[in-house]
Every structure is written in structure tokens, then in C-alpha cells.
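# A closer look at the structure
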Amino acid sequence: MTAKDNEKNQEGNVEATLELIRIIHRNLGIITAILLLTGQITIMGVFVTPRGFRVTMAGPITGSRRIESKTGNPLVNLTIDVIDILIAKQLLQDKFFITGSALTPFGFTINAGGPLLGVERMVPKVPSLFHDLDNFNMLVAKLLNFDPSIANKYQRK
């Protein structure tokens, strides 16, 4: 195999990895929409960041209680349900996407956003991740005085 063939093979592997990440990310959005529509999670709040807004969702499945009206007002509960449906619709149409998760004392929350809220679409960047991981292995070996051959054993080829 020539160096050029090896480079093409690596480019193909990187593209396949990026496509796999896109598929996983899309599936996370669909799963979150299903959880919203089944009432397992609901909107809990909104994060305001310099790059836009993100809605945060949680529920019994994430270790939190489902948000409901304190007074039992059906109009408030209906409003919460409508907001959940709108978020689920945006997730299913791929206009919103999962932007992350946050740990809380009561479990965790799922955060979502999209261009509608001022959040740019996330783009995976894998190639530098592999290179940085290899450098990290060598750095750890050097700092902790390990045999470099141990770190080389875990480098990607």
C-alpha cells in the first residue's frame, strides 16, 4: 500500500466516523422527542448563553420530577404540554438538536437548541481528536515516567 492509498483510506475512515457521529446525534434528537411526547421528560427551563438560548429538559427518567402547575391549573399544564410538543416537533424536523447535558443534584438534564434560538448546528471534528489522543498518550508517558513503548502500543495506526 502506498502512502497515497493509506491517506485515502484514512480519509474514508474519518468520513465514516463523522457520518456515524451525525447518525448518533440525529438519533439522540429523535429519542429525546419521543421522551417529550410520552411525558417522560418536559421542559425545565432555558439557558441563556452568549451564543444563543438552549432549552433544558428533565423528568422522571433523568432523576427529576416532571414539571407541573403548583396549583393544578389545567391551563398551565396544557401550556407546558404544548411547549413540549413544539420542542419535539423541532427535534423531529431536525431544526433543534441536542447540545449537551448538565448534571444537577437531582439527576441530569438534556439541553437542546437550534438556529431558531441562535445556536449554530454542531459539526463533529474527529481527525484532530485522534491526533490529540495520541499526543496525550505520549505526554502522559513522559510526565509519569512510563516506558514510551507502552504509550506507543495504544496509538492509532
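All figures in this text were calculated on a predicted structure; none of them were measured in a lab.

On to the overall build of the protein. On a plain count of helices and strands, the protein comes out with four helices and four strands. Moving toward the C terminus, one meets the helices and strands of the protein in the order α-β-β-α-β-β-α-α. In the protein, 48% of the contacts between residues at least 6 apart in sequence involve partners at least 24 apart. If you sum the accessible surface of the protein, you get close to 10900 Å²; carbon and sulfur atoms cover 63% of it.

Quick look at the nonpolar core now. Counting 15 residues, the largest nonpolar core has Leu36, Ile41, Met57, Ile87, Leu91 and Ala112 as the members making the most contacts within it. Apart from residues lying up to four places away in sequence, Ile87 is in contact with Leu36, Ile43, Val55, Met57 and Phe96.

With that settled, consider the pairing of strand S2 (residues 52-58). Judged by how many residues are buried, S2 sits mostly within the fold: six of seven residues are covered. When strand S1 (residues 42-49) meets S2, the two strands line up antiparallel, connected through seven bridges. Bridge assignment links Thr49 to a residue of S2, and that residue is Gly52. Counting the residues between successive antiparallel strands, the hairpin from S1 to S2 contains two residues. As judged from the three bridges shared by S2 and strand S4 (residues 107-113), these two strands associate in the antiparallel manner.

Our focus in this paragraph is a nonpolar patch on the surface. On the surface, a nonpolar cluster with roughly 380 Å² of combined accessible area is contributed by Leu75, Leu78, Val82 and Leu86. Structurally, the position occupied by Leu86 is in helix H2 (residues 74-92).

In this model, H2 (19 residues) spans 26 Å end to end at C-alpha, consistent with the 27 Å of a helix rising 1.5 Å per residue. Burial in H2 covers these residues: Ile80, Asp84, Ile87, Ala88, Gln90 and Leu91. Buried residues in H2, looked at end-on, bunch into an arc of 160°, giving them a common side. Exposed and oriented more than 90 degrees from the buried face of H2 are Pro74 and Leu75.

Turning next to the confidence of the model for the protein. If pLDDT is low for a region, its predicted coordinates should not be looked at in detail. On average, the protein scores 82 in pLDDT, and the residues at 70 or more come to 78%. Highest mean pLDDT in the protein belongs to H2 (94); lowest belongs to helix H3 (residues 127-143) (65).

Criteria and thresholds
- Residues numbered from 1 in each chain as written.
- Predicted model: local features only at pLDDT ≥ 70, side-chain atom pairs only at ≥ 80, totals over all residues.
- Heavy atoms only, no water.
- Helix = DSSP H or I, 4+ residues; strand = E, 2+ residues; numbered from the N terminus.
- Contact = heavy atoms within 4.5 Å.
- Areas by Shrake-Rupley, 256 points an atom, 1.4 Å probe, with all protein chains shown as cover.
- Core = buried A, V, L, I, M, F, W, Y, C linked by side-chain atoms within 4.5 Å.
- Buried < 20%, exposed > 50% of the residue type's maximum accessible area, 1.4 Å probe, protein only.
- Pairing = 2+ DSSP bridges.
- Patch = residues over 30% accessible without salt bridge, like charges linked within 9 Å, V, L, I, M, F, W, Y side chains within 5 Å.
- Salt bridge = Lys/Arg side-chain N within 4 Å of Asp/Glu carboxyl O.
- Expected span 1.5 Å × (residues − 1).
- Arc of directions from axis to C-beta.
- pLDDT = per-residue confidence, 0-100.

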